[in-house]
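Analysis of the macromolecular model
So you can see what is in the structure, the chains are spelled out below.
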Amino acid sequence: MSWVVLMFLSWILFAVFAFLFTRFVGYMKREQNLHIESLRDTLIDKDNPVGLYGDELEKLKQHQQEAQRHLRDVISKIPVIQKDGRFQIDEEALRLRKAASNGNGASDTTHDTV
């Protein structure tokens, strides 16, 4: 036989083996209820998704912590009431606070939007 025929037969044998192997792996995953993680998921660090190094990463983490602290402070200053089992913004308290900050001390009767 010529070497071309042998090469062709080896490629066919390889393709059959690859097909049977993928079928076997799929069957075993279903039987054993396995989940195989992709290589991409294992390479990405959840604490450093953009790949920063050293000081850059620490600065980013510190900036995010300060932003979260500021957001927590701002949210804690919003007056809320529980109405129908849900927390809602207390618009009356906001009107009173706005009127007090304007200096007149009286409640505004206009319909302000939040």
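Read on for a plain summary of the structure. (Residues numbered from 1 in each chain as written. Predicted model: local features only at pLDDT ≥ 70, side-chain atom pairs only at ≥ 80, totals over all residues. Heavy atoms only, no water.)

Backbone geometry at Asp84 places phi at a positive 55°, although glycine is not the residue there. Mapped onto the fold, Asp84 is located in the loop between strand 1 (80-83) and strand 2 (86-89). When its relative accessible area of 73% is taken as the criterion, Asp84 is described as exposed. (Helix = DSSP H or I, 4+ residues; strand = E, 2+ residues; numbered from the N terminus. Buried < 20%, exposed > 50% of the residue type's maximum accessible area, 1.4 Å probe, protein only.)

By the definition in use, this model includes two salt bridges. Two residues, Arg95 and Glu91, come together in a salt bridge whose shortest N-O distance is 3.6 Å. Of this pair, Arg95 and Glu91 both sit in helix 4 (residues 91-102), four residues apart, which is roughly one turn of the helix. Judged by relative accessible area, which is 16%, Arg95 ranks as buried. Residue Glu91 is classed as partly exposed on the basis of its relative accessible area, which comes to 38%. The residue Arg95 makes a salt bridge to Glu92 at a minimum N-O spacing of 3.3 Å. Note that Arg95 and Glu92 are positioned in helix 4 at a spacing of three residues, about one turn of the helix. On the basis of relative accessible area, Glu92 is assigned to the partly exposed category, the value being 39%. (Salt bridge = Lys/Arg side-chain N within 4 Å of Asp/Glu carboxyl O.)

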